[in-house]
Amino acid sequence: MKKIVFATNNKHKLEEIRRIADNQLQILSLSDINCNGEIDETGATLEENALVKARYVKERFGYDCFADDTGLEVEALEGGPGVYSARYAGESCHPEDNMQKLLSVLQGARNRNARFRTVIALLINSEEHLFEGIVRGRITEERRGGSGFGYDPIFIPEGHDLTFAELGNDIKNRISHRALATVKLMEFLMKK
Ligand code: IMP
């Protein structure tokens, strides 16, 4: 079976992608290949960050590899926090602080449109490919719901009245930005 590395150690992401791959590919994590160093995410865009991570693995370990990066892009903030979503309220801050900061920055704002965007960079046979998944929606005025992670309690996807955190992981994982990008990646890989 063809082996490919997913440049992550996030168990949730690995589970999700292995389920979509349905045993047609062997997906290895960073710890599976003994890649234990921190990979810097210093890019100015999601695309750059995803490519940096995938190239790091390909150059040092020789495996075909893919890596993802996600950001919450808020219209009233001209696409911010975007690539800085994980550290919006400061380096190594808690996700709760990020949400609180966004809610206070948007206090009273009428335009609450936002989107989650995931970019997956794939390095395979010396080729580079990018896959994108987008979910449009809006930011609530207060946090709602207990499941998920990150900004889930304050994001309502288009076509729904509940936040990602209220919809629960089963529904979210079917419609999410990451799922959309992952399905595109898998369709591409299955054809290879
Ligand atoms: P990463 O690139 O997947 O690590 O995502 C970067 C940051 O975006 C995370 O730390 C979260 O703050 C946010 N984020 C990414 N995906 C989601 C999601 O599905 N729900 C809520 N927040 C997310």
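Please refer to the structure higher up on the page.
Residues numbered from 1 in each chain as written. Predicted model: local features only at pLDDT ≥ 70, side-chain atom pairs only at ≥ 80, totals over all residues. Heavy atoms only, no water.

Asker: Would you mind going over the overall build of the protein chain with me for this structure?
Answerer: Across its full length, the protein chain carries six helices and seven strands. In the protein chain, the order of α-helices and β-strands from amino to carboxyl end is β-α-β-α-β-β-α-β-β-β-α-α-α. What you see for the protein chain is a C-alpha radius of gyration of 17 Å, in line with the 16 Å of a compact globule of 192 residues. The buried share of the protein chain, reckoned over its 192 residues, is 46%. Long-range pairs, those at least 24 residues apart, make up 54% of the contacts in the protein chain with a sequence separation of at least 6. Distance between charge centres in the protein chain, computed from 26 positive and 30 negative side chains, equals 3 Å. (Helix = DSSP H or I, 4+ residues; strand = E, 2+ residues; numbered from the N terminus. Rg over C-alpha atoms; globule rule 2.2 N^0.38 Å. Buried < 20%, exposed > 50% of the residue type's maximum accessible area, 1.4 Å probe, protein only. Contact = heavy atoms within 4.5 Å. Lys, Arg positive; Asp, Glu negative; His and termini not counted. Charge placed at Lys NZ, Arg CZ, Asp CG, Glu CD.)

Asker: What should I look at first to understand the site of the ligand in this one?
Answerer: Around the ligand, a shell composed of 13 residues is seen, among which K13, D69, D152, K172 and R178 lie nearest. With respect to the ligand, the side chain of K13 contributes an N or O atom lying 2.9 Å from an oxygen atom. Contacts to the ligand include K172, whose side-chain N or O atom sits 2.6 Å from an oxygen atom. Protein coverage of the free-state accessible area of the ligand, which is 480 Å², stands at 86%. Secondary-structure elements contributing two or more residues to the shell around the ligand are strand 3 (65-74) and helix 6 (177-191). Looking at side-chain class alone, the shell around the ligand contains four nonpolar, four polar and five charged residues. (Near = heavy atom within 4 Å. Polar contact = N/O pair within 3.5 Å; in protein donor to acceptor, adjacent residues only side chain to side chain. Areas by Shrake-Rupley, 256 points an atom, 1.4 Å probe, with all protein chains shown as cover. Nonpolar A, V, L, I, M, F, W, Y, C, P; charged D, E, K, R; others polar.)

Asker: Teacher, can you tell me more about the nonpolar core here?
Answerer: If you look at the biggest cluster of nonpolar residues, it comprises 19 residues, and the most contacted ones within it are V5, A7, L30, I33, V57 and C65. Of the residues forming this core, the biggest block, six residues, is contributed by helix 2 (residues 46-61). Excluding anything up to four places from it in sequence, I33 contacts V5, L28, V57, F61 and Y63. (Core = buried A, V, L, I, M, F, W, Y, C linked by side-chain atoms within 4.5 Å.)

Asker: Looking at this structure, I do not really get the environment of I134. What am I missing?
Answerer: Positionally, I134 belongs in strand 6 (residues 127-139). A sequence separation of 39 residues divides I134 from N173, and the C-alpha atoms of the two residues are 13 Å apart. The contacts of I134, once residues within four sequence positions are left out, are R115, F116, R117, H177 and L180.

Asker: Is there a simple way to explain the environment of N111 in this structure?
Answerer: Along the chain, the position of N111 falls in the loop between helix 3 (95-105) and strand 5 (113-124). For N111, a relative accessible area of 30% gives the class partly exposed. Here the alpha-carbon distance between N111 and G79, two residues 32 residues apart in the chain, equals 13 Å. Filtering out sequence-adjacent residues up to four positions away, N111 remains in contact with E75 and A76.

Asker: Which parts of the structure should I look at to understand the packing of aromatic side chains?
Answerer: The way to describe two aromatic rings as a pair is by their centre distance and the angle between their planes. A full pass over the atoms with the stated rule returns five aromatic pairs. Measuring from ring centre to ring centre gives 4.6 Å for F6 and F66, while their planes differ by 25°; the resulting arrangement is stacked. Taken as a pair, F6 in strand 1 (residues 3-6) and F66 in strand 3 lie far apart in primary sequence, 60 residues in all. Taking the relative accessible area as the measure of exposure, F6 reaches 3% and is therefore buried. Its relative accessible area of 0% is what places F66 among the buried residues. Three or more aromatic residues link up through ring pairs in this structure, and these residues are F116, F155 and F164. Directly above the aromatic system of Y56 lies the positively charged group of R60, at a separation of 3.9 Å from the ring centroid. (Phe/Tyr/Trp six-rings, centres within 6.5 Å; stacked < 30°, edge-to-face > 60°. Lys NZ or Arg CZ within 6 Å of the ring centre and 35° of its normal.)

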